[in-house]
Every structure is written in structure tokens, then in C-alpha cells.
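Structural overview
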Amino acid sequence: MPKLSDILTPAENLRVTRVTGPALNRMLEMGITPGTAIDFIRQAPLGFPIEIKVRGFLVALRKSEADHIEVDHHG
Amino acid sequence: MKTYQRIALAGNPNTGKTTLFNALTGLRQRVGNYPGITVERKSGFLKSAGTTHEIIDLPGLYSLNPTSKDEEIAWQTLTGTYPFEPEPDAVIVVADATNLMRNLYLVTQITDLGLPTMVVLTMMDAAREQDRLINPQALQDTLGVPVVALNARNDAEVDQLKDAITAGNFATPGPLQWKPSVKLQKAINHLRTGLIDSNDAIPERAADLESLRLLAQDAALDALTGDARAVVVEARQMLEKEGLNGSAAEVLDRYNYIDEILQTVCAGPVDPRKSITETIDRVVTHRIAGPALFMGILLLVFQAIFSWAGPFMDLIDLGFITASNWLADTLPDGLLNSLVVDGVMAGLGGVMIFLPQILILFFFIAILEGTGYMARAAFVMDGFMMKIGMHGKSVLPLMSGFACAVPGIMATRGIENYKERLITMMVLPFMACSARLPVYALLISAFVPGDTAFLFFTWQGLTFFGLYLFGIVMAAVAATIFKKFLPGAGHTPFLMELPTYKIPAFSNILYQMGERGWIFIKEAGKIIIVVSMGLWVLASFPAGEPGMSSAEQLENSYAGQIGKVIEPAIEPLGFDWKIGIGLITSFAAREVLVATMSTIYSVQSDDEDITSLREMMLSDVNPETGEPVFTLLTAISLLIFFALAMQCMSTLAIVKRETNSWKWPAIMFGYMTALAYFMSFVVYQGGKLLGF
């Protein structure tokens, strides 16, 4: 399964398959739950953080968080 | 009904909560400030027949499991664990209608608290523009709490909310309205029968919440021993057998409930494609355009600070001079007169003169924050800031540092990670604050040639710019070193919302300026009064002989004596005892150096006339060697010293307050002053070796 941190280009058809890591709870609370559709919007100037869209809002993640989100492509 | 009701106003960040708070309470606000506690909460008041409703504006929070200092304060207030106060009588949860899914998450947590609750849906207009139709009545029926839908800028709608508040239109639906899944409920039941229900200390309304806490938080488990611990471990194992863990199971069940609710109360696209925000972001967060835009905005802000503030600063200066003269004439001659006029008023005036610059800076910061741009600046800068141990959100406090370190250090509160926050505080005083400006201006205009260096740049202008840059570079270097040597503060999740762009309400900007300006006056002012009285004693005693000039008196005073005592220590930097006195007196505030030098050189005209002071300094000759006291090299050494040394009592005091210990201000004072000494030494001695 690719990690969210491996995605480098904008993509609108991602789906969260698994969330782990020390920030698990806060990521779930922010709505990044397994099965949720996310869009990869862009990378910041130095590659990280990245900007994604989840449940209708935009959020930035560092590599340390994106490493712990597994995604697949759907539809 | 009670005659005094405390109502907490809670909600996610960027929900229009502050706009609503201002609309509800108008100018009847006060900023709470409790000793030893670092975050301030605001309270506002709403009166109705016989009852005063205190509305407590909590810092924005995403969940009741706090990850930042701000969130912790909000959580403490809601759960009644905030020091010296009971839980609130009622809660208003503000939810953004354009982002209902995530906002409802906090709503489900707050209704679990078992307090009388009301939900206010804000930004209904914006939701409608996105073709999202929300039925507040249906939401009210599902949640079991009153729901008021409004736009915070619509007075009539805000009045309706006021009526709902004064009528006590709250409801207590009881915990677990979100109906935990069968598996989670089993684990909760196991805890309740085996442990919680027999514990009288836990009231019935909190029993389910306590079960969830024991399931989700390892710290809660670690606090238990023996049989109690065994029951919790069993309950956790029940979940693990089903492939779940306590906290994840709870969050997922809440979101399942929210998804269900939204199907009945919401129509239209849940996730509208491409908003205006995303279009703007394509430029603002672009890899190249983004940083360039940020630099452009910074330049614009500085230009405004320095060109707009002038007349207001003159006005404040004039005000203080007039007031001082009046006091000098009115108070009986003698010590009290001198203490008030030369000590307190001079010190206070020296700091308050920067208020216009600080207000202008806050004006821009309020706009940048209110529009949602500041989060973009943090996004663009975070990659670089992380490398040097800070956070994208450090950019804003560091920017504030160019006006004054005191509000800058207070603005670090939004940074979740304590290590990143601490590093930001520790390097922030390197930002060239307004108090350094008069010192830079005096020394540069006196000793740096005004010739053109190249194009239309003069050496003087370049030196000015160089000093700013020098401060920034030293901050980056110091931050990198702190990053290496400070212990980590554990992992803090980096999840930064990039809110939709909004046009900020002008009243909000004014409120924010006023509030932060007042904090500056209060925090810096009270320190300055104490320090300037202390320095007045040093500079006024022992009292001079009759007929002595004020310069001779100062030379004789304790300050003068200290200046002479430390002369051998500062001589290698190129400073004589006169500058030594200046270094001592400028500890109240850096710009005091200018006034002290004026006194030492007995400048006739009113103290701070830079032109005549400049000439006096230029012609001063060392009586032993016959060499001029001030050379270009001395001036550069002194500039570097002022750029780096920690000479601000107010900053140290605020760092003490924010870190709750004397350790960090002590380290700050030590390392900055040592660094200043070292760098001035290297520059002066190196310069002499090279024959300057």
C-alpha cells in the first residue's frame, strides 16, 4: 500500500486505508479515518509539509504524519 | 434562575467564534490573567433582567483531547479542572456550517460532558453559497440540544441568540448520544459494572466518560494498580480481540454517527469541488510565488510600520514631555519630583513611544490572520523552519519581534510542540525590535559615511539593513544549536488547518489591535516602572555637590561608579566607562542609551537631539591617549553588542511568565549577553589587527 508521504503529484482519487503512528488519535479526530476519500493538493516549497483535502477542508501534514497514512487509489 | 451565570463559548478554530463573541458582548470584555498560568482567556458580559451572563471565550479547539496549550485551557475550563473555578453553568458550541462534519465531532464530545448546551451554526451564508442546505431544526431534533443558525454579522440574528441565551435555552441530552458500537459498549459496560459504578466519587453523568478515558488514555491506565487495573486491562483486551483500540473505536463511532446525522440534516454536495480558496492557494502556496509573496508582504509591513508611525510617535513623545513638565512644575522640588519625572515618566515614555509601531504591526497581523493568510505563510515556511528547530507557526511571533519581543513571545502560544515553542521564544529577541532603532539611528548617522555604496544604496542604509539581517541570521544559528541540545518534547502531531479565505470584520481587527496593545502596555509598563525607578536610584545617588553639572553628577553616581568598575571588562570591546553607564541604564529599554549619552555629554537642548549629540560624540577625545573615543570600529562594535545582547527586562519577565520558571530567562540573558560580548570582542580586536 503506498504511503501518503510517497505521493508527489496532485491526485483526487485517494482513499485512506490505514492510519497508525504516534499521532493516530489526532489524525482520526480530524477526520482522517480509514475509508475517507482525500485529495492530494500540493507540496510545500521544500517538499513537506503537504496539503491535503479531507472531508471538505484543507489541512497540512508533515512527513512524520504522512508516513503513517496508507492510501490507495479508487474510482 | 441564578443571578450570575457562567457560559463557556467553545468551538473549532476559524469558525467565526471571535466575531460572535464580540457581537454578543460588545465592549464589555476583560482579559483574565491568572498568576502562573500562561494563557489568557477573555470574558464578556451579557445582562438580562436580574441575571449577568459571563461569556467565557475559550481558545479554539478541535477536540477534548488537547494537544496545545491553547486547547488545554479550553479543555480545563469545560471540564471544571481549570484552577480555582468550577465548571461552567452552560456551554455554547460554535460550529461552522461550511465544515459541519468536523465541527460536529467536537459537538458530540461536548454534549458528553452533561452540561446544559446550545449549538450555534455560523457562516450560514457561505454554506448556502456552496449550495449546501442545512436544516437547523432537524439537527436540533437529532442532537437533542437547541440549535441556532446565524451569521455573526447579522445584528438581528445575533439579537435572537442573545434572547435564547437569556431565556436559558440550553438542554442536557446526556452522554453517549452518538451510540457506541456494540463492541465498544460491551467494554464500557465491563468497566462500569467491574469498577466505576461502585465508585461513589464518580457521578452518574461522568461514568461513561470515565470509562472512555480509561479505555483510550494510557496515562489513565498507568495511574491504576491492582484489581482496578486488571478490570481496565480486561476491557481493553475485549476491544483488541475485535481488532480495535479504545481511542480509535471511539473516534470512528463518533464519525459514523456524524455521517448518519448529516444525511438527514444536510442536502447538497458535502465536498464542493474547487472553491475560491483553492484557486487563490495555487498562487499563494506556490513553490516559488508563495515564498516570494511572503517576502513582499513582510517588506510592505515594515515599510508601513516605519513610515506611518512617525507622526503618532511624535505625538506620544510630546504628550509625555508636556506631562513631565507639568509634573515637574506641580510636584514640590526634591526627590519625589525627580523620581517621578526623571525616573518613572522618562522610562514609561521611552517604551510607550513604540505603541504606534506595535499597533500598526498588530493591525497587519490581524488582517493576515483574519483572512487566513497566516496559515499559508506557516505552510510555505514550515519546511525551512523545521530544519532549524521551529514551526511554520513561529513565523508570526518572529515577525512581531520586529516591533517588540513582548507580544511576540506571547504569540508563541499557538505552537503545539513545546520544544519548537521554547526555541522560538529563546531566539525571538534577536529580531531587531523598535527599541534598537534609535540606537542604530544615532550610531549609524554619526559614524557610518552617508556616501553612496552602489546604485542608490548608501552605506548608512546598507548598515541598517545589514543589522536586521544579522539579527535574523543569528536567530537561525541559535535556533539550530538549541535544536541540537534541547531535549525533545515528545511527538506533537502536525496537523495544521488551512482555513478558507475570509474578509475579516473591521471591528475584529480593531478589537485585536486594542487587546494586544493593552497587553503590551500592561506587561511592559509595569516592568518598566520598577526598573526605571531602580535605575533612577543608581543614577541619582550619591547626590552631587552644589554647582556640579549633570554630567559630573552622573559620573559620580553609583551608575557612573559601576561604569568605571566594568570599564576594564568592556575595554577590549572598544567601550569606555561612559558607554558602560549607557549599557547599564539601557537595561530598562535599549533606547535609553540615547538619553543617557545625551546626559553624559551634557547636550544642552532637550535630551534627545541627535544632531548635537552626534557632534559631541565625534569630538570626544580620550584624555590619556589623545585618540578619539568613538571611531567607526567602536561604533560597529557597539552596534553588534546592541544587536545581540539581552538588554530588556520586560522580555525576561514575559519569558518567565510563559515558561513558568526563572531557568529560561536566565539562560536567555546569559547566552545572548555572552554572545554579544564575544562577537563585539572579535570584531573590535580583529578590526584593530587589520589596522582600522
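The structure presented is a predicted model; accordingly, all values stated were derived computationally and were not measured. (Residues numbered from 1 in each chain as written. Chains lettered and ligands numbered in written order. Predicted model: local features only at pLDDT ≥ 70, side-chain atom pairs only at ≥ 80, totals over all residues. Heavy atoms only, no water.)

Scanning chain B from N- to C-terminus turns up 31 helices and twelve strands. Taking the principal axes of the C-alpha coordinates as reference, chain B spans close to 95 × 55 × 55 Å. For chain B, with 692 residues in total, the buried portion stands at 53%. In chain B, the share of contacts with a sequence separation of at least 24, taken over all contacts with a separation of at least 6, comes to 71%. Looking at chain B as shown, the accessible area adds up to about 29,600 Å², and 63% of this sits on carbon and sulfur atoms. For chain B, the separation between the mean place of its 49 positive charges and that of its 66 negative charges on side chains is 7 Å. (Helix = DSSP H or I, 4+ residues; strand = E, 2+ residues; numbered from the N terminus. Buried < 20%, exposed > 50% of the residue type's maximum accessible area, 1.4 Å probe, protein only. Contact = heavy atoms within 4.5 Å. Areas by Shrake-Rupley, 256 points an atom, 1.4 Å probe, with all protein chains shown as cover. Lys, Arg positive; Asp, Glu negative; His and termini not counted. Charge placed at Lys NZ, Arg CZ, Asp CG, Glu CD.)

So, on to the packing of aromatic side chains. One pair of aromatic rings is described through two measures. These are the centre distance and the angle between the planes. Within the structure shown, the criterion is met by nine aromatic pairs over all chains. For the ring pair Phe363(B) and Phe364(B), a centre distance of 5.5 Å and an interplane angle of 80° mean the geometry is edge-to-face. Residue class for Phe363(B) comes out partly exposed when judged on its relative accessible area of 22%. Between Phe430(B) and Tyr671(B) the ring centres are 6.0 Å apart and the planes differ by 80°, which places this aromatic pair in the edge-to-face class. On the criterion of sequence distance, the pair formed by Phe430(B) in the loop between α19 (418-427) and α20 (436-447) and Tyr671(B) in helix α31 (residues 663-689) is long-range, its members being 241 residues apart. Comparing Phe430(B) with Tyr671(B), the two get one shared label, buried. Cluster of aromatic residues (ring-pair linked, three or more members): Trp308(B), Phe363(B) and Phe364(B). Over the face of the ring belonging to Tyr255(B) we find Arg55(A), whose NZ or CZ atom lies 4.1 Å from the ring centre. Sitting over the face of the ring of Trp577(B), Lys564(B) holds its NZ or CZ atom 4.7 Å from the ring centroid. (Phe/Tyr/Trp six-rings, centres within 6.5 Å; stacked < 30°, edge-to-face > 60°. Lys NZ or Arg CZ within 6 Å of the ring centre and 35° of its normal.)

Quick look at the sheet that holds strand β1 (residues 11-19) of chain A now. Within the open sheet, the six strands sit side by side as β5(A)-β1(A)-β2(A)-β3(A)-β4(A)-β12(B). Their pairing is antiparallel. The open sheet terminates on both sides in strands that have one partner only, identified here as β5 (69-73) of chain A together with β12 (495-498) of chain B. Sheet twist, expressed as the mean angle between neighbouring strand axes with direction ignored, is 40°. Here strand β3 (residues 50-54) of chain A pairs with strand β4 (residues 57-61) of chain A via five bridges, running antiparallel. Note that in β4(A) the partner of Lys53(A) across the bridge is Leu58(A). Against the sheet, helix α16 (residues 373-387) of chain B contacts β2 (37-43), β3 and β4 of chain A together with β12 of chain B, and its axis sits at roughly 135° relative to β12(B). (Pairing = 2+ DSSP bridges. Axes fitted to C-alpha atoms, helices over the stretch in contact; angles between N-to-C directions.)

Of all the nine residues making up helix α26 (residues 577-585) of chain B, nine are buried; the element is thus mostly covered by neighbouring parts of the structure. Regarding α26(B), the residues found buried are Trp577(B), Lys578(B), Ile579(B), Gly580(B), Ile581(B), Gly582(B), Leu583(B), Ile584(B) and Thr585(B).

Before going further, it helps to spend a moment on the side chain of Arg6(B). Residue and element names in this part refer to chain B. With respect to the helices and strands, the residue Arg6 is situated in strand β1 (residues 4-11). A polar atom in the side chain of Arg6 sits 3.2 Å from the backbone oxygen of Pro86. Dropping the residues within four chain positions of it, Arg6 is found in contact with Glu54, Ile56, Glu85, Pro86, Glu87, Pro88, Asp89 and Ala90. (Polar contact = N/O pair within 3.5 Å; in protein donor to acceptor, adjacent residues only side chain to side chain.)

If you look at the interface, chain B gives 48 residues, while chain A gives 37 residues. For the chain B and chain A pair, buried surface summed over both sides reaches about 3,500 Å², with 58% attributable to carbon and sulfur atoms. It is Arg287(B), Phe379(B) and Leu495(B) in chain B that bury the most area against chain A; as a group they hold 19% of the surface buried on that side. The tally of links from chain B across to chain A stands at five salt bridges. Measuring nitrogen to oxygen at the nearest pair gives 3.0 Å for the salt bridge that ties Lys53(A) to Glu278(B). At the surface where chain B touches chain A, the tally comes to 18 residue pairs in polar contact (both at pLDDT 80 or more). For the side of chain B that touches chain A, the elements supplying multiple residues, two or more each, are α3 (100-111), α11 (246-265), α12 (276-284), α16 and β12 of chain B. Sorting elements by how many residues they give to the side of chain B that touches chain A places α16(B) first, with seven residues. Inspection of the sheet shows β4(A) paired to β12(B) by four bridges, in the antiparallel sense. The partner of Leu61(A) across the bridge, within β12(B), is Leu495(B). (Buried area = accessible area lost by both parts, 1.4 Å probe. Salt bridge = Lys/Arg side-chain N within 4 Å of Asp/Glu carboxyl O.)

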